[in-house]
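Residues per chain are reported as follows:
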Amino acid sequence: EAGLSAGDVESAFANASFSVVLGIQSGSNLQSLANQMSLYSGKMKELNICYPFTSIQVYECFARNLVGGTDDPTELIYGGNDLLSDMLETQNKNALSHYYFARMILAYIFGRYELATEMADQCRKAAPMMRNQRLVNEIFYLALIALASADEEAKSESRDSAAVALKELEGWLGTSQWNFLHKVKLLK
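Residues numbered from 1 in each chain as written. Predicted model: local features only at pLDDT ≥ 70, side-chain atom pairs only at ≥ 80, totals over all residues. Heavy atoms only, no water.

J.: Give me the lowdown on the side chain of Arg-103, citing residues and values where you can.
T.: Mapped onto the elements, Arg-103 comes out in helix H6 (residues 93-109). No salt bridge forms around the buried Arg-103; measuring N to O, its nearest opposite-charge neighbour Glu-75 is 5.3 Å away. A polar atom in the side chain of Arg-103 sits 2.6 Å from the backbone oxygen of Thr-74. Contacts of Arg-103, omitting those with residues within four sequence positions, involve Thr-74, Glu-75, Leu-76, Leu-115 and Met-119. (Helix = DSSP H or I, 4+ residues; strand = E, 2+ residues; numbered from the N terminus. Buried < 20%, exposed > 50% of the residue type's maximum accessible area, 1.4 Å probe, protein only. Lys, Arg positive; Asp, Glu negative; His and termini not counted. Salt bridge = Lys/Arg side-chain N within 4 Å of Asp/Glu carboxyl O. Polar contact = N/O pair within 3.5 Å; in protein donor to acceptor, adjacent residues only side chain to side chain. Contact = heavy atoms within 4.5 Å.)

J.: Give me the lowdown on the pattern of salt bridges, citing residues and values where you can.
T.: With the rule as written, the count across this model stands at three salt bridges. Of the charged contacts, one joins Glu-60 and Arg-64 as a salt bridge, the two residues approaching to 3.2 Å between their closest N and O atoms. With Glu-60 and Arg-64 both in helix H4 (residues 53-66) and four residues apart, the pair spans about one turn of that helix. Overall, Arg-64 belongs to the partly exposed group, its relative accessible area being 24%. Between Asp-72 and Arg-112 there is a salt bridge whose closest N-O contact spans 3.6 Å.

J.: How would you summarise the packing of helix H8 (residues 135-149) against helix H10 (residues 177-187) if you had to cite specific residues and measurements?
T.: The interhelical angle for the contact between H8 and H10, taken along N-to-C directions, is 15 degrees, at an axis separation of 11 Å. With respect to H10, the element H8 is oriented roughly parallel. Between H8 and H10 lies a crossing of left-handed hand. Each of Val-136, Asn-137, Phe-140, Ala-143, Leu-144 and Leu-147 in H8 lies in contact with H10, whose residues at this interface are Phe-180, Lys-183, Leu-186 and Leu-187. (Axes fitted to C-alpha atoms, helices over the stretch in contact; angles between N-to-C directions. Parallel < 35°, antiparallel > 145°, perpendicular 65-115°, else oblique. Left-handed = near helix turned anticlockwise from the far one by under 90°.)

J.: Outline the packing of aromatic side chains, supporting the account with residue identities and numerical values.
T.: Note on aromatic pairs: each is described by the distance of the centres and the angle between the planes. Taken as a whole and assessed by the stated rule, the structure comprises five aromatic pairs. A centroid spacing of 6.3 Å and a plane angle of 65 degrees characterise the contact between Tyr-59 and Phe-62, whose relative ring orientation is edge-to-face. Pair noted here: Tyr-59 and Phe-62 are both in helix H4, with a separation of three residues, about one helical turn. Given the relative accessible area of 6%, Phe-62 is considered buried. Ring geometry for Tyr-108 versus Tyr-113: centroids 5.9 Å apart, planes at 50 degrees, classification tilted. Here Tyr-113 falls in the partly exposed class, since its relative accessible area comes to 28%. Ring pairs connect the aromatic residues Tyr-108, Tyr-113, Phe-140 and Tyr-141, which therefore count as one cluster. Here the guanidinium or amino end of Lys-183 rests over the ring plane of Phe-140, the centre of that ring lying 5.8 Å away. (Phe/Tyr/Trp six-rings, centres within 6.5 Å; stacked < 30°, edge-to-face > 60°. Lys NZ or Arg CZ within 6 Å of the ring centre and 35° of its normal.)

J.: Before we move on, could you go through H10 and cite the residues and values that matter?
T.: Among all positions of H10, only Phe-180, Lys-183, Val-184 and Leu-187 are buried. The arc enclosing the buried residues of H10, seen along the axis, measures out at 100 degrees, which places them on a common side. Away from the buried face of H10 by more than 90 degrees, exposed residues Trp-178, Lys-185 and Leu-186 are located. (Arc of directions from axis to C-beta.)

Okay, structure coming up:
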């Protein structure tokens with residue numbers, strides 16, 4: 001609202017995008033958030049606001065997939081099109097980073113561990129400078145994917161990967177123990 005009243009529409013929508021993404025991470029009603037994102041993305045398209053537009057589409061698809069609104073809950077399809085093709089065409093590194101992160105989590109949740117591993121690799125390569133806002137969750141899911149996808153031959157290597165991630169997460173405890181301790185305990 002402050003951005004809109006000051007005439008800074010792009011910042012207003014960027015803040016709205018952050019708000020709904022945080023809502024997803026904090027357990028808010030996914031259907032309600034998906035509906036909000038749909039309204040925001042429609043208005044962004046109307047006003048030709050490009051920066052947060054594609055990223056909000058990613059999280060709208062993410063939320064809808066989690067509530068069962070798609071045929072394949074690990075794909076991010078918006079308006080009948082795979083979001084990845086548009087992102088690759090425009091080289092929107094921020095959106096690509098969000099795309100790979102969201103698909104990594106969806107693939108993990110729905111037991112597609114090979115896809116989750118592939119998305120984790122892409123996520124790390126996509127935009128290293130843009131990962132900081134979700135780095136802890138990325139580290140956490142990388143450990144979960146390593147443990148879940150380990151076959152008998154690679155169990156030792158997977159546990160080593162998870163141990164590295166656990167050590168990184170333990171380092172974050174000093175910044176916000178109440179926010180990260182549950183993730184550390186789950187991995188242990």
